[in-house]
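Fold and geometry: a report
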Amino acid sequence: LVESVRFLAERQLVSMRGGVAMPPEPGVALLEDVVPRTLEQVALARLDNLGTVERRLLRMASAIGRRFARDLLERAVETDIERDLLDTAIESLEGQQLIVSSSHEIHGYMFRDSVTRAVAYATIPDDDRRRIHGRIADAMESADAASQRHAPAALALHRERAEQWESAARWYMIAAQQAMRAALRDVTEQLGP
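Residues numbered from 1 in each chain as written. Predicted model: local features only at pLDDT ≥ 70, side-chain atom pairs only at ≥ 80, totals over all residues. Heavy atoms only, no water.

**Digging into the sheet that holds strand 4 (residues 99-101)**
For clarity, the cut-off: One requirement defines pairing of two strands: DSSP has to find at least two bridges between them. Starting at the N terminus, helices and strands are each numbered in turn, a helix being any DSSP run of H or I of at least four residues and a strand any DSSP run of E of at least two. Angular values range over 0 to 180 degrees, each being the angle between N-to-C directions of two axes fitted as lines to C-alpha atoms, with helices fitted over their stretch in contact. Throughout, a residue-residue contact means that at least one pair of heavy atoms, one from each residue, lies within 4.5 Å.
Read from one edge of the open sheet, three strands run 3-5-4, paired in antiparallel fashion. Here the strands that pair on one side only, and so sit at the sheet edges, are strand 3 (67-69) and strand 4. Recorded for the sheet is a direction-independent mean angle of 30 degrees between the axes of neighbouring strands. Two elements, strand 4 and strand 5 (residues 108-111), share three bridges in a ladder whose sense is antiparallel. What sits directly across from Val 100, in strand 5, is Met 110. Here helix 5 (residues 70-77) sits on the sheet in contact with strand 3 and strand 5, set at roughly 75 degrees to strand 3.

Now the structure itself:
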């Protein structure tokens, strides 16, 4: 309901008069033809209304995940989008409430809802999707070594989706080794000195 009302308000198809929502002329019948029937259709309609830069940025973010760090997004799109256009696009996406600040990361964002992310990701053609995941993995690997230590499983996933099998296998091995070391540490701590 909230998304449907937001959809109508963005298109100025509903107005308020005396605290009462008024449908446009010729009335409710027009709204039945205009309002998308599902949340996915609402999200797709919102994506269709975005500019090229905003749409490209949102698709890249959807491939990163529900939550994403701004610096990772910036590194992943740096050859496609100029810095000032990037800032404007992020502000636009925030203003439209497609992304919101994430409390889990400093300078991070998250999709306001999982449907928007899923629809944005689904609109990426397969060839572009592989390229995007490769760019995300490249951006992750270009981060400092501390960041890489914390994200080998994510790096492996992006390499796998980019169909870069050898690199994906190497990162999955690193992730498995980290998990085994962490489990061994937990067992050692439980057993005590």
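**A closer look at the packing of helix 8 (residues 126-141) against helix 10 (residues 152-161)**
As a reminder of what qualifies: Roughly parallel means an angle under 35 degrees; roughly antiparallel, over 145; roughly perpendicular, 65 to 115; everything else is oblique. Should the near helix be turned anticlockwise from the far one by less than a right angle, the crossing is termed left-handed; should it be turned clockwise, right-handed. Note on residue classes: Ala, Val, Leu, Ile, Met, Phe, Trp, Tyr, Cys and Pro are nonpolar, Asp, Glu, Lys and Arg are charged, and everything else, Gly too, is polar.
Running from N to C, helix 8 and helix 10 point in directions that differ by 150 degrees, and their axes come no closer than 7 Å. In terms of axis orientation, helix 8 runs roughly antiparallel to helix 10. The crossing of helix 8 and helix 10 is left-handed. Residues Arg 130, His 133, Gly 134, Ile 136, Ala 137, Asp 138, Met 140 and Glu 141 of helix 8 pack against Ala 154, Leu 155, His 158, Arg 159 and Arg 161 of helix 10. Within the contact of helix 8 with helix 10, the residues separate by chemical class into five nonpolar, three polar and five charged.

**Looking at the packing of aromatic side chains**
Aromatic ring pairs are reported here in terms of the distance separating the ring centres and the angle at which the planes meet. Going by this rule: When the centres of two rings from Phe, Tyr and Trp lie within 6.5 Å, Trp using its six-membered ring, the rings pair. Their planes under 30 degrees apart give stacked, over 60 give edge-to-face, and anything left gives tilted. Ring-over charges, as used throughout, are those where CZ of Arg or NZ of Lys falls within 6 Å of the ring centre and within 35 degrees of the ring normal.
As enumerated under the stated definition, the model contains two aromatic pairs in all. Three or more aromatic residues link up through ring pairs in this structure, and these residues are Phe 68, Tyr 109 and Phe 111. A cation over a ring is seen here: Arg 129 above Tyr 121, with NZ or CZ 4.4 Å from the ring centre.

**Some details on the environment of Leu 58**
As a reminder of what qualifies: Exposure classes here rest on a 1.4 Å probe applied to the protein chains alone. A residue is buried below 20% of its type maximum, exposed above 50%, and partly exposed in between.
Residue placement: Leu 58 occurs in helix 4 (residues 52-64). Residue Leu 58 is classed as buried on the basis of its relative accessible area of 0%. Sequence separation between Leu 58 and Ile 90 is 32 residues, and the spatial gap between their C-alpha atoms is 8.8 Å. Apart from residues no more than four positions distant in its own chain, Leu 58 is found in contact with Leu 47, Leu 50, Leu 93, Leu 98, Ile 99, Phe 111, Thr 116 and Ala 120.

Interpretation in functional terms is not warranted from these geometric data alone.
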